[in-house]
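Chains, contacts and geometry: an overview
This is what each chain is made of:
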Amino acid sequence: MAHTNTFPSTPASTPHLTSGAGPSVISLPVEGMTCASCVGRVERALQAVPGVATASVNLATERATVQPQADARGAEVAALRGALVAAIEQAGYSVPAPSAASAPPNSTTELVVEGMSCASCVGRVERALKAVPGVLDASVNLATERATVRLADDPASADALIAAVAQAGYRAARVPSADEALAQTEAHAAKKDAERLQLKRDLTMAAVLTLPVFVLEMGTHVVPGMHHLIATTLGTQTSWLIQFVLTTLVLLGPGRRFVRLGLPALLRGAPDMNSLVALGALAAYGYSLVATFVPRWLPAGTVNVYFEAAAVIVTLILLGRFLEAKAKGRTSEAIGRLAKLQAKTAQVLRDGQALALPMDQVRLGDLVLVKPGERVPVDGELVEGESFVDESMISGEPVPVAKHVGSAVVGGTVNQTGAFTLRATAVGGATVLAQIMRMVEEAQGAKLPIQALVDKVTLWFVPAVIAVALLTFVAWLVWGPSPALSFALVNAVAVLIIACPCAMGLATPTAIMVGTGRGAELGVLFRQGQALQTLQDTRVVAVDKTGTLTEGKPALTDLQVQPGFDEDLVLAQVAAVEAKSEHPIAQAIHTAALQRGLGLPALSQFESVTGLGVRATTADGHTLAVGADRFMTQLGIDVLAMADTARRLGEEGKSPLYAAIDGRLAAIIAVADPIKADTPAAIRALHALGLKVAMVSGDNRATAEAIARRLGIDHVVAEVLPDGKVAVVRALKAQHGTLAFVGDGINDAPALAEADVGIAIGTGTDVAMEAADVVLMGGQLQGVPTAIALSKATLANIRQNLFWAFAYNAALIPVAAGLLYPLWGVLLSPMFAAGAMAMSSVFVLGNALRLRRFMPQ
């Protein structure tokens, strides 16, 4: 599958540019979209702008992502943004103005710069940035590909800086600080809260005004004697006048939004959901106006009012919108929760003093103090102290992790017990937390292949509904019973109201948002949104052995001594010999002795026998020999007493060695790369999902097959050289079908890219994670079945949503048109149509929200 390396977008509501291997990607917030047909219109408007390669719009995130054509340069991309905004506005929607068009005065802006290859590149980029008005200073780092720009009181905009770098022949993107990302996320959340509050006010007003209308009109049809009561007290005409006044207030107040947005869209030839609601409500209202004030214009027997239909339609649609807004707010909570994990200030050591500084003033290399109970403010490495740190926000594991000098810590995690000092290794947008937020937002905004079908259907859906409504009106007018005009109006309005494609537009993006957000909480990050759909089709999971199934470093696993020998004394003497060797097995034995706190005897003589083992003499005269059985035989030492043990260890995939002291067999030692504690459970979970598991290893076949037997792995590919993994992946794909490859090393990157889905262990290398579609932040293989199960659950949720959305419309549009009337006399009231339409969107959102409770098996 194709992999792109684009810088992830910021979690802000403001427009921004992100750069990657090709031209910059433009991301714009879009306001005013209400249904899937709106999405199609915005996409068509954007794709019609010269210079646009592709455009994708997401209804749930209310954001458009535009890929300029391949030959576009930075300045052209910056200019293209204005044309895109104009196209969106011309289509009848809006792009909110940035909350801050430029950086704050006397601030520092970070840019990611791509394309630099040498020191002269650095000089060119620095000169280009310094030439931008408002820039005080610019510093570019070739190794990190970052430019730090210090701005004056009249600062340059980020777009101007990006354009300057582009004119110099390179690509750039602004990296927001963690504070900015948090502020933008909070501002976006506040805006959505305000919108929900306004909806609640409008709904309350509409309900208060609609209730008397509903009682006056529908009560006469439902409550015995009420028609006579109203006729003898208020009078029918007075009742209609009261309904007229109240309904007019509903349409001019809470219902104005549908008319203001729907009619212009209809006049542009691009009707949307608002157009359907406006047409339905105004048709019922207009007919009722005529019946109330000029009844002579209507045929005899058709003088009826439908004020209650117009008012109730608006009220129920607002109810649906309000419930939808509340649910949509919960679908995007993952980003907000991640943003709140960032500390607001950091205790930084400057000139021997601890200063409480805002996060945007913390620099790489700063020494930061972290007290018990505090959040770690930035990514760093411990230089003093020790503690336990709660890393559940990146791993999903609740057990705190021990940290000591040299340990890496991640910003946003919580210090539990001791105080420590760390040296900042990543700040601002470069921290793991910031990268997680960008990955989650990108995945949430992704458009899966399954969405293409929805887009094709909804493109013509609303115009088709209007056509069906017109046909319904004409059919009832021509062939309907008396009063035909009343029947024609009611059924046409019911068709318009019930057919809103809101549910279809929300079916896919809301499930993606909730699913990827839940994945982030469980330590599974989807870097490529398409992986969410591809993973569900996985048939085989290929796993690199070293560092993925195993810990990635040899360790002493077995030490069995002969009678008459002390275990610690034997280990100390063997470790003293192995300390002279650089071989990984020797280092594992040496490390095990040190971990036990054993003192190693001094050696007076040492000899390495190539291919066999080592021997030495201690300062106090003991002779030592460590090696394979061939070495012991050469020395005349009988190993028969431990031959069975050696055979068992070999079958377990371990490397057995014999130790002899003073010419006597003293012990058998086994060294192996230990299997990770969670690996067996992860393999069982993959089998429970019906998947085949293949192990790819560079070990000899006997060792690889021994490990495979212990773990129950289905297929073993052993003795694979690093450059042979791509061929193995291709062969497994051809044999089994869709394949996911799991790896962690630099040499795994090509295989990760070749696989249908590449899954990188988060504790591995940056190169591997860049090549992968899914990143397991916790570094545990258990994340693989979690990711696949989550993919299956999310796609099942999407299919349920789409089935409901399509089945609902397919079933109820004919009912609303009156298809059942000739058979059973069944008609669908516009009021019930409005309620059913509102509930369809709420059902889809509620179903998507079930993914928040997803738990791995």
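Computed from a predicted structure; not experimentally measured.

Conventions and cut-offs
- Counting restarts for each chain, with residues numbered from 1 along the sequence as it is written.
- Totals for whole chains, interfaces and linings use all residues, but because this is a predicted model, local features are given only for residues with pLDDT of at least 70 and pairs of side-chain atoms are given and counted only at 80 or more.
- Hydrogens and water molecules were not included; the side-chain quantities draw on all heavy atoms of the structure.
- A helix here means a DSSP run of H or I that spans at least four residues, while a strand means a run of E at least two residues long, and both kinds are numbered starting from the N terminus.
- Exposure categories follow from relative accessible area, calculated using a 1.4 Å probe and restricted to protein chains: below 20% of the type maximum is buried, above 50% is exposed, and the middle band is partly exposed.
- Contacts are residue-level and defined by heavy atoms, with any inter-residue pair within 4.5 Å sufficient.
- Where accessible areas are quoted, they stem from the Shrake-Rupley method and a 1.4 Å probe; at the residue level, only the protein chains shown are allowed to cover.
- Two strands make a pair as long as DSSP finds a minimum of two bridges between them.
- Only centres within 6.5 Å qualify two rings of Phe, Tyr or Trp (six-membered ring in Trp) as a pair; their planes then separate them into stacked at under 30 degrees, edge-to-face at over 60, and tilted for everything else.
- UniProt positions are given in the numbering used here, feature names are shortened, and annotations may be inferred rather than shown by experiment.
- Inter-axis angles, ranging from 0 to 180 degrees, are taken between N-to-C directions of lines fitted to C-alpha atoms, where helices are fitted over the stretch in contact.
- Among buried residues, those of type Ala, Val, Leu, Ile, Met, Phe, Trp, Tyr and Cys that are joined through side-chain atoms within 4.5 Å constitute a nonpolar core.
- A domain assignment, automatic or from a database, supplies the domain bounds used here.
- Here, patches come from residues exposed beyond 30% relative accessible area and free of salt bridges, joined within 9 Å for like charges and within 5 Å for nonpolar side chains (Val, Leu, Ile, Met, Phe, Trp, Tyr).
- The working definition used for a salt bridge is a side-chain nitrogen of Lys or Arg within 4 Å of a carboxyl oxygen of Asp or Glu.
- Residue count minus one, scaled by 1.5 Å, sets the expected span of a helix.
- Throughout this description, any angle smaller than 35 degrees is read as roughly parallel, any larger than 145 degrees as roughly antiparallel, any in the 65 to 115 degree range as roughly perpendicular, and the remainder as oblique.
- For any helix crossing, the convention is left-handed if the near helix is rotated counterclockwise from the far helix by under a right angle, and right-handed if that rotation is clockwise.
- Put simply, Ala, Val, Leu, Ile, Met, Phe, Trp, Tyr, Cys and Pro go in the nonpolar bin, Asp, Glu, Lys and Arg in the charged bin, and everything else, Gly too, in the polar bin.
- Polar contacts here mean pairs of N or O atoms no more than 3.5 Å apart (in protein, one a potential hydrogen donor and the other a potential acceptor; neighbouring residues in sequence count only if both atoms are side-chain atoms).
- The directions from the helix axis to the C-beta atoms form the arc being described.
- Every residue is assigned a pLDDT by the predictor, reflecting its confidence on a scale from 0 to 100.

**A look at the overall build of the chain**
- Helix and strand counts for the chain stand at 31 helices and 30 strands.
- A total of 857 residues make up the chain; the buried ones form 54% of that total.
- In the chain, 68% of the contacts between residues at least 6 apart in sequence involve partners at least 24 apart.
- About 35600 Å² of surface is accessible on the chain, with carbon and sulfur atoms providing 59% of the total.

**Looking at the pairing of strand β2 (residues 25-29)**
- Across the five residues of β2, five count as buried, placing the element largely inside the fold.
- A two-sided burial pattern is seen for β2, the buried positions comprising Val 25, Ser 27 and Pro 29 on one face and Ile 26 and Leu 28 on the other.
- Taken together, the four bridges between β2 and strand β4 (residues 63-68) define a ladder with antiparallel strand orientation. Following the sheet pairing, Ser 27 is matched in β4 by Thr 65.

**A closer look at the packing of aromatic side chains**
- Under the defined criterion, the tally for this structure stands at 10 aromatic pairs.
- Centre to centre, the rings of Trp 476 and Tyr 821 are 5.3 Å apart; their planes meet at 65°, and the pair counts as edge-to-face. Within this pair, whereas Trp 476 is found in helix α15 (residues 461-479), its partner Tyr 821 is found in helix α30 (residues 821-824), the two being separated by 345 residues in sequence.
- According to the relative accessible area criterion, Trp 476 is buried, its value standing at 8%.
- Taking relative accessible area as the criterion, Tyr 821 reaches 27% and is therefore assigned partly exposed.
- Aromatic side chains Trp 804 and Tyr 808 sit 6.1 Å apart centroid to centroid with 25° between the ring planes, which places their arrangement in the stacked category. You can see Trp 804 and its partner Tyr 808 sitting in helix α29 (residues 783-817), four residues apart, about one turn around the helix.

**A closer look at the UniProt feature "transmembrane region" (unreviewed entry) in the chain**
- Residues annotated by UniProt as "transmembrane region" (unreviewed entry) correspond here to residues 203-223, 229-252, 273-293, 305-323, 457-479, 485-508, 802-824 and 830-849.
- For residues 305-323, the helix share is 89%, the strand share is 0%, and the end-to-end C-alpha distance is 30 Å.
- This span, residues 802-824, is 87% helix and 0% strand, and a straight line between its end C-alpha atoms measures 30 Å.

**So, the sheet that holds strand β25 (residues 664-672)**
- The six strands are arranged β20-β25-β24-β23-β22-β21 in an open sheet whose pairing can be described as antiparallel. The open sheet has two edge strands, β20 (555-561) and β21 (603-609), and neither has a second partner. Mean inter-strand twist for the sheet, computed between neighbouring axes without regard to direction, equals 20°.
- Summarising the sheet, strand β22 (residues 613-618) and strand β23 (residues 623-627) pair through five bridges and their orientation is antiparallel. The residue of β23 that forms the bridge with Ala 616 is Leu 624.
- In this fold helix α20 (residues 567-578) packs onto β20, β21, β22, β23, β24 (655-661) and β25, with an angle of close to 130° to the strand it touches most, β20.

**Things to note about the nonpolar core**
- Core analysis: the largest hydrophobic core is formed by 136 residues, its most contacted members being Met 33, Leu 46, Leu 84, Leu 535, Ile 759, Val 774 and Val 784.
- Ranked by the residues each element gives to this core, the list is headed by α29, at 14 residues.
- Two domains each put at least three residues into this core: domain 1 (26-91) and domain 3 (192-343).
- Setting aside chain neighbours within four positions, we find Met 33 in contact with Cys 38, Val 39, Val 42, Val 57, Asn 58, Leu 59, Glu 62 and Tyr 93.

**Section: a nonpolar patch on the surface**
- Taken together, the side chains of Val 474, Leu 477, Val 478 and Trp 479 present a nonpolar region at the surface, about 450 Å² in accessible area.
- Within the secondary structure, Val 474 sits in helix α15.

**Remarks on helix α31 (residues 830-849)**
- The end-to-end C-alpha distance of α31 is 29 Å, a good match for the 28 Å that 20 residues give at a rise of 1.5 Å each.
- With 14 of 20 residues buried, α31 is to be regarded as a mostly interior element.

**What to know about the environment of Lys 344**
- Within the element layout of this structure, Lys 344 appears in the loop between α11 (333-339) and β9 (345-350).
- Once the C-alpha coordinates of Lys 344 and Leu 357 are considered, the two residues, 13 residues apart in sequence, prove to be 8.7 Å apart.

**Description of the packing of helix α7 (residues 236-252) against helix α9 (residues 273-293)**
- Where α7 meets α9, the axes come as close as 11 Å, and the angle between the chain directions of the two elements is 150°. The angle between α7 and α9 places the two elements in the roughly antiparallel class. By crossing handedness, the relation of α7 to α9 is classed as left-handed. Residues Gln 237, Trp 240, Leu 241, Phe 244, Thr 247, Thr 248 and Leu 251 of α7 pack against Ala 281, Leu 282, Tyr 285, Leu 289, Ala 291, Thr 292 and Phe 293 of α9.
- Tallied by class, residues from the contact of α7 with α9 come to 10 nonpolar, four polar and no charged.

**Points about the pairing of β9**
- Of the strand pairs in this sheet, β9 and strand β10 (residues 353-358) are connected by six bridges, and their pairing is antiparallel. When the sheet's bridge partners are listed, Leu 349 is paired in β10 with Ala 354.
- Here β9 folds back onto β10, and the loop between the two strands holds two residues, one of which, Asp 351, carries a positive phi near 55°.
- As paired strands, β9 and strand β11 (residues 367-370) are joined by three bridges and run antiparallel to one another. Counted as the bridge partner of Val 348 is Val 368 from β11.

**Remarks on the sheet that holds strand β15 (residues 408-409)**
- Across the sheet, which stays open at both edges, the six strands sit in the order β10-β9-β11-β17-β12-β15 with antiparallel pairing between neighbours. A strand with exactly one partner marks an edge of an open sheet, and here the two such strands are β10 and β15.
- Bridge analysis of strand β12 (residues 379-385) against strand β17 (residues 420-426) gives six bridges, and the strand direction is antiparallel. Looking at β17, one finds that Glu 381 is bridged to Arg 423.

**A look at the environment of Tyr 93**
- Assignment of secondary structure puts Tyr 93 in the loop between α2 (74-90) and β5 (108-114).
- For Tyr 93, a relative accessible area of 6% translates into the label buried.
- Considering only alpha carbons, one finds Tyr 93 and Met 33, 60 residues apart in sequence, at a separation of 7.0 Å.
- In this structure Tyr 93 touches Val 30, Glu 31, Gly 32, Met 33, Cys 38, Arg 41, Val 42, Ile 88 and Asp 272, once residues within four positions along its chain are discounted.
- Here the side chain of Tyr 93 touches Arg 41 through a polar contact of 3.5 Å, side chain to side chain.

**Focus on helix α24 (residues 679-688)**
- Buried within α24 we find Thr 679, Ala 682, Ile 683, Ala 685 and Leu 686. Down the axis of α24, the buried set is contained in an arc of 160°. They therefore lie on one face. Those residues of α24 that are exposed and angled more than 90 degrees off the buried face are Arg 684 and Ala 688.
- Here the buried face of α24 lies against β19 (540-544), α19 (545-549), β26 (692-696), α25 (701-711) and α29.
- Of the residues flanking the end of α24, it is Gly 690, one or two places downstream, whose phi is positive at about 80°.

**Structural notes on the pattern of salt bridges**
- Considering all chains together, one arrives at 15 salt bridges under this definition.
- Across the salt bridge formed by Asp 137 and Lys 130, the nearest N and O atoms sit 3.9 Å from each other.
- Residue class for Asp 137 comes out partly exposed when judged on its relative accessible area of 33%.
- Of the charged contacts, one joins Lys 733 and Glu 754 as a salt bridge, the two residues approaching to 3.8 Å between their closest N and O atoms. Remark: Glu 754 occurs in helix α27 (residues 749-754) and Lys 733 occurs in helix α26 (residues 725-736); sequence separation between them is 21 residues.
- Here the residues in one salt-bridge network are Asp 544, Lys 725 and Asp 748, joined through shared partners.

**Things to note about the confidence of the model for the chain**
- With 85% of its residues at a pLDDT of 70 or more, the chain has an overall mean of 82.
- Across residues 1-23 the pLDDT falls below 50, and counting only partners more than four positions away or on other chains, this stretch makes 91 contacts in the model.
- In this model, residues 99-105 is a region of pLDDT below 50 whose contacts with residues beyond four sequence positions or in other chains number 12 contacts.

**Here's the deal with unusual backbone geometry**
- Here Ser 482 and Pro 483 are connected by a cis peptide whose omega angle stands at -5°.
- Mapped onto the fold, Pro 483 is located in the loop between α15 and α16 (484-498).
- A positive phi is found at Asp 662, a non-glycine position, where the angle reads about 55°.
- In the Ramachandran plot, Glu 719 falls in the positive-phi region, its phi being about 55° despite a non-glycine side chain.
- With respect to the element layout, Glu 719 can be found in the loop between β27 (715-717) and α26.

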